[in-house]
Amino acid sequence: MKQYFKLFDLSQKVDYKSEILSGLTVALALIPEAVAFAFIAGLSPLTGLYAAFTMGLITAILGGRPGMISGATGAIAVIIVALVKTHGVEYVFAAVILSGLIQVGAGLLRLGKFIRLVPHPVMFGFVNGLAIIIFLSQLDQFKTPAANGALQWMSGSELYRMLGLVLLTMLIIWGLPKLTKVIPASLAAIVVVSGLVIGLQIDTRTVGDIASIQGGFPPFHIPAVPFSLSTLQVIFPYALIMAGVGLIESLLTLNLIDEITQTRGRGNKECLAQGIANITTGVFSGMGGCAMIGQSLINISAGSRARLAGIVASVMLLVSIMFGAPLIEQLPMAALTGLMIMVSIGTFEWASFKMIGRMPSHDVFVGILVAAITVLLHNLALAVLMGVILSALVFAWENAKRIQARKFLDDQGVKHYEIFGPLFFGSVAYFNEKFDVVNDPLEVIIDFRESRVMDMSGIEALNKITERYQKAGKKIQLKHLSSDCRQLLKNAEGVVEVNIMEDPSYKLPLDHY
């Protein structure tokens, strides 16, 4: 009997120690990130923390990629800033719920498969752009409020203390795995540096200096907005962008984790999980979110391969909010900053530099463009969309130049054109250049054995070339059209007129996905 509903792979071997320790590390790393993203959006810290808990827990249980971590993200925060300012937090909650419904719809329609259309250079640009953003976001920890409230760079002993603790954290994360892998290096670094700061009473910024994380269980709350068309008109654009950005970032992160772990996640299942998580987050006072590449890489590098680490991280985050706030607020930001800088270094695809001069120049350009848009505009959806469109245009241009024609006269004086390559909108001009209507004999055959008509532009090109030969008083026939090409022409009957020779039946291999 086929099993349709399966949350956990009970046959998977789980390293419980690695999973629990990885979950603890991720929970500690989630707190300052969630608080920072809530501030970016103009919301209270608990709004980000509640989103990190609900998003993380639900996607850990239901998601299509074990080991991937979801929570409140900067990509979502920058989208809702304007909505917060113009309409307030209640409209944000409503937009989060609607974005979740859109994502569930995408999962049910199995749209996750379209992530295959993202080329590798776009993936490089996406990863490198996010790595740079993660690094640049940590530089704010080296700034301190001035008398007028503006941020200014640290100086003197304050700067040296911060730098020393950050470098110590990075050194432990880099060096400890060379000595032992009993505990995750990231967790060890946080514990050691926190112990030094608390034990020696080193004066440095802590989590509590950013904001208090004390709170209770996320309250169930239906957004207090009018259920009207005007409300929908306000929140729908935000919800649509949030859903798109969230799915793109989540599915690209899923692909990245797939490559690292040499396993395969389920994109459509992840779409459903993200949608259900956002719906739940919206009714439990959260700001919404999606997959987090930084925390996911922390989790994977710490040895997690199952769902348990994500569940532990979410539960421990809630425990910290409800019971452990006084302790967690003593953690030095320097330790978490050093951790995130090491994540950014590990995230960056340093191998992409080797592409320059070795790979096609247009692929290099696409990767740089995607990274630049990601960093400068913080708009992941736009960056990926631009990369895919540019790659598609380059592909079309390169394939348009591949159409060729071999010409010869047979014993009966009939001119044959054997076409090689696809006939589509990009190759129509090259296709038309192959024919010599004026000097050709009275009968011409165009052989499509090695070609295929791909679109309306190709059909119209056949119509035009037929008209040109007919006006010259010559007979033209099309030969060896594939079954799908014949169907296209049949559908266009009454619009185009072509003369097709009857061919034997050919069996074509089909790709089934």
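For the structure itself, look to the data block above.
Here we summarise the structure given alongside this text.

Procedures and definitions
Residues numbered from 1 in each chain as written. Predicted model: local features only at pLDDT ≥ 70, side-chain atom pairs only at ≥ 80, totals over all residues. Heavy atoms only, no water. Salt bridge = Lys/Arg side-chain N within 4 Å of Asp/Glu carboxyl O. Helix = DSSP H or I, 4+ residues; strand = E, 2+ residues; numbered from the N terminus. Buried < 20%, exposed > 50% of the residue type's maximum accessible area, 1.4 Å probe, protein only. Phe/Tyr/Trp six-rings, centres within 6.5 Å; stacked < 30°, edge-to-face > 60°. Core = buried A, V, L, I, M, F, W, Y, C linked by side-chain atoms within 4.5 Å. Contact = heavy atoms within 4.5 Å. Pairing = 2+ DSSP bridges. 1 Å grid on protein atoms, 1.4 Å probe; cavity = no way out; pocket = protein on both sides within 12 Å on 5 of 7 lines; lining within 4 Å. Points joined across faces, edges and corners; volume = space filled by probe spheres on them. Expected span 1.5 Å × (residues − 1). Polar contact = N/O pair within 3.5 Å; in protein donor to acceptor, adjacent residues only side chain to side chain. Axes fitted to C-alpha atoms, helices over the stretch in contact; angles between N-to-C directions. Parallel < 35°, antiparallel > 145°, perpendicular 65-115°, else oblique. Nonpolar A, V, L, I, M, F, W, Y, C, P; charged D, E, K, R; others polar. Patch = residues over 30% accessible without salt bridge, like charges linked within 9 Å, V, L, I, M, F, W, Y side chains within 5 Å. Areas by Shrake-Rupley, 256 points an atom, 1.4 Å probe, with all protein chains shown as cover.

All chains considered together, the criterion is met by 6 salt bridges. The partner of E398 in a salt bridge is K401, with the nearest N and O atoms 3.8 Å apart. In this structure, R406 and E418 form a salt bridge, with 2.6 Å as the shortest nitrogen-oxygen distance. Taken together, the residues R406 in strand β5 (residues 404–409) and E418 in strand β6 (residues 415–423) connect sequence positions 12 residues apart. Residue E418 is classed as buried on the basis of its relative accessible area of 18%.

With that settled, consider the packing of aromatic side chains. Counted by the stated rule, this structure contains 10 aromatic pairs. Relative to F435, the ring of F431 has its centre 4.9 Å away and its plane inclined at 70 degrees; by these criteria the two rings are edge-to-face. The class for F431 is buried, based on a relative accessible area of 0%. Through a chain of ring-to-ring contacts, three or more aromatic side chains come together here, namely Y417, F431, F435, F448 and Y469.

This brings us to the nonpolar core. Counting residues in each nonpolar core, the largest one holds 93 residues, and the members touching the most others are L49, M287 and L317. With 12 residues, the top contributor of residues to this core is helix α1 (residues 16–41). Leave out the neighbours within four places in its chain, and L49 touches I31, A34, V35, I213, L317 and I321. One finds Y417, V453, I476 and L478 within the second-largest nonpolar core, a separate group that totals 22 residues.

For β6, the buried fraction is high: 7 of the 9 residues fall into the buried class. Note: β5 against β6, 6 bridges, orientation antiparallel. From the neighbouring strand, K407 faces β6, where its bridge partner is Y417. Hairpin connection, β5 to β6: the antiparallel pair is bridged by 5 residues, and G413 has positive phi, about 80 degrees. Pairing between β6 and strand β7 (residues 443–453): 8 bridges, direction parallel. Paired with G421 across the strands is S451, a residue of β7.

A full pass over the atoms with the stated rule returns 2 cavities of 30 Å³ or more. Each pocket or cavity is described by its volume, and for the largest cavity that value is around 40 Å³. Residue lining of the largest cavity: T59, A60, R65, P66, G67, M68, I69, N299, A306, R307 and G310, and that is the complete set. One number sums up the size of the second largest cavity: a volume of about 30 Å³. Considering the residues around the second largest cavity, the lining is formed by I76, S99, Q103, M242, A243, N278, G288 and G289.

Taking 1.5 Å per residue as the helical rise, helix α10 (residues 267–283) with its 17 residues ought to reach 24 Å, and the 25 Å between its terminal C-alpha atoms agrees with that figure. With respect to burial, α10 is a largely interior element, 13 of its 17 residues being buried. Just downstream of α10 lies S285, where phi reads positive at about 60 degrees.

What follows concerns the environment of T263. Tracing the backbone through its elements, the reader meets T263 in the loop between α9 (229–261) and α10. Overall, T263 belongs to the partly exposed group, its relative accessible area being 39%. Through-space distance from the C-alpha of T263 to that of Q330 is 38 Å; in sequence the pair is 67 residues apart. When neighbours within four sequence positions are excluded, T263 is seen to be in contact with R65 and D258. Looking at T263, its side chain comes within polar contact range of the side chain of R65, at 2.8 Å.

Before going further, it helps to examine the packing of α1 against helix α14 (residues 333–347). Working note: a packed helix pair is described by the angle between its axes plus the distance between those axes. The N-to-C vectors of α1 and α14 enclose an angle of 100 degrees; their axes lie 10 Å apart at closest approach. When the axes of α1 and α14 are compared, the pair comes out roughly perpendicular. Residue-level contacts link L28, A29, P32 and E33 of α1 to M333, L336, L339 and M340 of α14. Taken together, the residues of the contact of α1 with α14 break down into 7 nonpolar, no polar and 1 charged.

With that settled, consider a nonpolar patch on the surface. Together, L109, L111, F114 and L117 make up an exposed nonpolar region whose accessible area comes to about 430 Å². Take F114: it is sitting in the loop between α4 (89–108) and α5 (120–138). Classification of F114 by relative accessible area gives partly exposed; the value is 47%.

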